[in-house]
Amino acid sequence: MGRKLLIHNDKVPNIHTLEVYRAHGGYASVEKALKTMTPDQVTDEVKKSGLRGRGGAGFPTGMKWSFLAKPEGVPRFLVCNADESEPGTFKDRYLMEKIPHALIEGMITSSYALGANQSYIYIRGEYFYVARILEQAIREAYAAGWLGKNILGTNYSLDLSVQVGGGAYICGEETALLESLEGKRGNPRIKPPFPAVAGLWGCPTVVNNVETIAAVCPIVMMGGEEYAKIGIGKSTGTKLISASGHINKPGVYEIELGVPVEEFIYSEEYCGGIRNGKKLKAVVAGGSSVPILPTELILKTAKGEHRLMTYESLADGGFQTGTMLGSGGFIVMDEDTSIVKNLFTFTRFYHHESCGQCSPCREGTGWMEKILKKFLNGTATEVDVDLLWDVQSKIEGKTICPLGEAAAWPVAAAIRHFKHEFLEIARNKKFVDISHYERLNAIKA
Amino acid sequence: MKVTIDGIEIDVPKGTTILQAARMIGPEVAPPTMCYYSKLKTSGGYCRTCLVKVTKGSAQNPNPMPKPVASCRTEVMEGMEVQNITSPEILEARKGVVEFLLINHPLDCPVCDQAGECKLQDLGYEHGAAKTRYEFKRREYEMIDIGDKIKLHMNRCILCYRCVKTAEQITNGRVHGVVHRGDAAEISTYIEQAIDNDFSGNVIDVCPVGALTDRTFRFKSRVWFTKPVDAHCKCDKCSGKVRLWMKGDDVLRVTARKDQWDEVEEFICNTCRFDRKKVSDWVIEGPSPISRQSVISQNHYNHLNELKVQVLKQQKALGFMDINKRP
Ligand SMILES: Cc1cc2nc3c(=O)[nH]c(=O)nc-3n(C[C@H](O)[C@H](O)[C@H](O)COP(=O)(O)O)c2cc1C
Ligand code: SF4
Ligand code: SF4
Ligand code: SF4
Ligand code: FES
């Protein structure tokens, strides 16, 4: 059994209440930080822990915190990114729903480290019931003196609010999130300046993922060095993985970084193997935007080493033969899965979610969806595979925000590793069953 | 600061963007721009036609930048080296951007008032492919009248945000510019509310394509059959310095004067633009120079400055900071 630091108490009855959470050691990191540590000492522990952002990019959290500009007389903000909209990712929801105080505790400790007196949790609109859970927990925390003026009798004060978004994937991109939080249209900003210098209302701001912030509590409690001992190399600590697809036990798992991919898929502790005794075909390891890998490349690297659940191992081989840990949205596909149809679903999503600010993403995502549609209705030709490849290459790296890449990468990877499936459909003018899309459209209309 | 663009070195002040530096060298190395507008704050970054490759970040950090950057929104660094037309990769990327801009564009140039002075026509001509690879139905919208003077032909819009920034910065008090998202995004008709503003007509001049056109000129003549002359009048709202588009003795259209980069020199008021259509309204200076470069003069701009101050005040009141300025 791997160690668990974030959701070890998820089955405890009423752990969502302050009373039970506290009885299980909750809010200890706030006590320790506020009473015995300076803000810089907290930041130092986070640096030592090697914690990397759990929102997708994996940027070292301690470093991000130390970049925060601290001009005199200007407020600073901590904003928690709870927009979790990447298809295949649902770990933040699990954490917030089951143990809301873990996030609130992390927000207090982290806000103290950053010197923020007002912090926000920006949550996607579809999670409205989770927002209610958080709001209830925040009320409890205020009543018990964990939030508000002079927390624990110190001179540190913090207000925490929940802001519900309108349900747009793009508002998970940190600068679009800040625009939305300011009450404006959720368009990503052109960087620089970065949020660390000019973020929310032009003030220095740190944006962190839910899981990143929750991980600060165990780091403060056990010390950064202890935390860094878990995991392998630069992939330290534990990580929540949202496991979905054709597996026996879909769900959210906390793993110690470094678990072999094969063990994660097949062991009873985690996914429990492929359902109905089928064979594994492919895995999207880090949320819908990361490159898909076929069985042979997800279980072993091109060099023949076992692939591990770490940032480095999953990325081994670059995009030619590797992928990314991303947000930890682990989507497993069995031998009966149509890669083309799956790609259509992803592409349709990115097309729908593009904000439309920059030409390559605005126009290119829709074009890719239309080309893919031809593969589904049996009108595609071999030329369309090359066209699709070319269109994705004209989007990638040429856009304002990484949504362009998020749309291009899955297309590139599907063609790279499964080109034969595209060609087979094009040559045989095969139809792919899309009846469920039609049903979906009928419902919408 | 010394920066090298396509092998040509130039010394520019701190805070200059790659695009501005390239323009200082000359039109040969200046990347094409569809959304940047030097007179509009926070413009640029959207269309991606001005992408360049930074092969050396700076003298201090010589690493190349991993992705192409929008030259209009990237400031130069000491010792930076940039490739524009000398990079095959950039030319290929630009071709891609032009194709993206055109796949949903109607290309109805024969009936478009912008033909002849359209930036998209120029761009397509210089960087586009001869044949489209797009086989699907193009996006279509209804035409919209924005008041009785301006026509919005959304089919032709490339979402460069210039009109949005103009309405925000030159006319006062407009918040929303775009509704919907992705390829369903539209310039919003809330723009109608800006029509009673004295400077709203400037959105026509900043529009690089035929999406916003002057209804008082619509279909009167092809641009190339009219003769541009520079003229001025005494105007209490703007500088009164305009360009008249004449056919014989008739003034068919009044616009602001544009510089070498096709940007207006000074924004003009709606009275000059829409209501002064008689030769006797104007003091004719002579034929317009083909291209000219100048900056907005400060004279005669009290009204405009006032508006800008108001916008700034508003932003301050809301607690916004100029995102162009770093603290
Ligand atoms: C299109 C797009 C969507 C994103 N969605 C999310 C999201 O839902 N949740 C999240 O934590 N980060 C998301 N990110 C990443 C954020 O921009 C940002 O990097 C992250 O919140 C930083 O937190 P971290 O350092 O703790 O990972 C998204 C990025 C992009 C480009
Ligand atoms: S890449 Fe897409 S989502 Fe991002 S700014 Fe451009 S259009 Fe918007
Ligand atoms: S906007 Fe330009 S390219 Fe488009 S129809 Fe008019 S003239 Fe032609
Ligand atoms: S209407 Fe014209 S100026 Fe406005 S966004 Fe469209 S193309 Fe740009
Ligand atoms: S001119 Fe630079 S992105 Fe449009």
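A quick note: this is a predicted structure, and the numbers were derived from the prediction, not measured. (Residues numbered from 1 in each chain as written. Chains lettered and ligands numbered in written order. Predicted model: local features only at pLDDT ≥ 70, side-chain atom pairs only at ≥ 80, totals over all residues. Heavy atoms only, no water.)

A. Structural context of the overall build of chain A. The number of helices and strands found in chain A is 19 helices and eleven strands. In terms of overall dimensions, chain A is globule-like: its C-alpha atoms have a radius of gyration of 22 Å, near the 22 Å expected for 445 residues. Every one of the 445 residues in chain A was classed for burial, and the buried ones make up 64%. In chain A, of all internal contacts separated by at least 6 residues, the share reaching a separation of at least 24 is 70%. Accessible area for chain A stands at about 16300 Å²; split by element, carbon and sulfur atoms hold 54% of it. Separation of charge centres in chain A, based on 50 positive and 50 negative side chains, amounts to 2 Å. (Helix = DSSP H or I, 4+ residues; strand = E, 2+ residues; numbered from the N terminus. Rg over C-alpha atoms; globule rule 2.2 N^0.38 Å. Buried < 20%, exposed > 50% of the residue type's maximum accessible area, 1.4 Å probe, protein only. Contact = heavy atoms within 4.5 Å. Areas by Shrake-Rupley, 256 points an atom, 1.4 Å probe, with all protein chains shown as cover. Lys, Arg positive; Asp, Glu negative; His and termini not counted. Charge placed at Lys NZ, Arg CZ, Asp CG, Glu CD.)

B. Representation of the site of ligand 2 in the model. Taken together, 13 residues are adjacent to ligand 2, and A:Cys355, A:Gln357, A:Cys358, A:Cys361 and A:Cys401 come closest. Among the residues forming the shell around ligand 2, the class breakdown is eight nonpolar, five polar and no charged. (Near = heavy atom within 4 Å. Nonpolar A, V, L, I, M, F, W, Y, C, P; charged D, E, K, R; others polar.)

C. Here's a closer look at the pairing of strand E2 (residues 118-123) of chain A. All names here are of chain A. Within E2, five of the six residues are buried, which leaves the element mostly enclosed by the surrounding structure. Note that strand E1 (residues 77-82) and E2 share six bridges and pair parallel. Bridged to Cys80 within E2 is Ile121. By the bridge criterion, six bridges tie E2 to strand E3 (residues 159-164) in an arrangement that is parallel. Within E3, the residue paired with Ser119 across the bridge is Leu160. Crossover handedness for the path E2 to helix H7 (residues 128-143) to E3: right-handed. (Pairing = 2+ DSSP bridges. Right-handed = clockwise from strand over helix to strand, strands pointing away.)

D. Quick look at the environment of A:Val164. All names here are of chain A. Note that Val164 resides in strand E3. Residue class for Val164 comes out partly exposed when judged on its relative accessible area of 34%. Between the C-alpha atoms of Val164 and Val391, which are 227 residues apart in sequence, the distance is 35 Å. Beyond its immediate stretch of four places on either side in the chain, Val164 contacts Ile123, Arg124, Gly125 and Ala131.

E. Examining the environment of B:Asp108 more closely. Residue and element names in this part refer to chain B. Looking at where Asp108 falls in the secondary structure, it is placed in the loop between helix H2 (88-103) and helix H3 (119-127). Distance from Asp108 to Phe274, taken between C-alpha atoms, is 25 Å for residues 166 residues apart in sequence. Those residues in contact with Asp108, other than ones at most four positions away along the chain, are His153 and Arg156. Of note is the side chain of Asp108, whose polar atom sits 3.0 Å from the side chain of Arg156. (Polar contact = N/O pair within 3.5 Å; in protein donor to acceptor, adjacent residues only side chain to side chain.)

F. Seen up close, the sheet that holds strand E14 (residues 283-287) of chain B. Residue and element names in this part refer to chain B. Pairing is antiparallel in the open sheet, where four strands are placed in the order E13-E12-E11-E14. Bordering the open sheet on either side are strand E13 (250-255) and E14, each of which pairs with just one other strand. Taken over all neighbouring pairs, the strand axes of this sheet differ in orientation by 40° on average, direction set aside. The pairing of strand E12 (residues 241-247) with E13 spans five bridges and is antiparallel. The partner of Arg243 across the bridge, within E13, is Thr255. (Axes fitted to C-alpha atoms, helices over the stretch in contact; angles between N-to-C directions.)

G. Structural context of unusual backbone geometry. Residues and elements named next belong to chain A. The linkage connecting Lys191 with the following residue, Pro192, adopts the cis geometry, with an omega of -5°. Pro192 connects to Pro193 through a cis peptide bond whose omega is 0°. Topologically, Pro193 is positioned in the loop between helix H8 (174-181) and strand E4 (205-209). The residue Tyr27 is not glycine, and still its phi comes out positive at about 70°.

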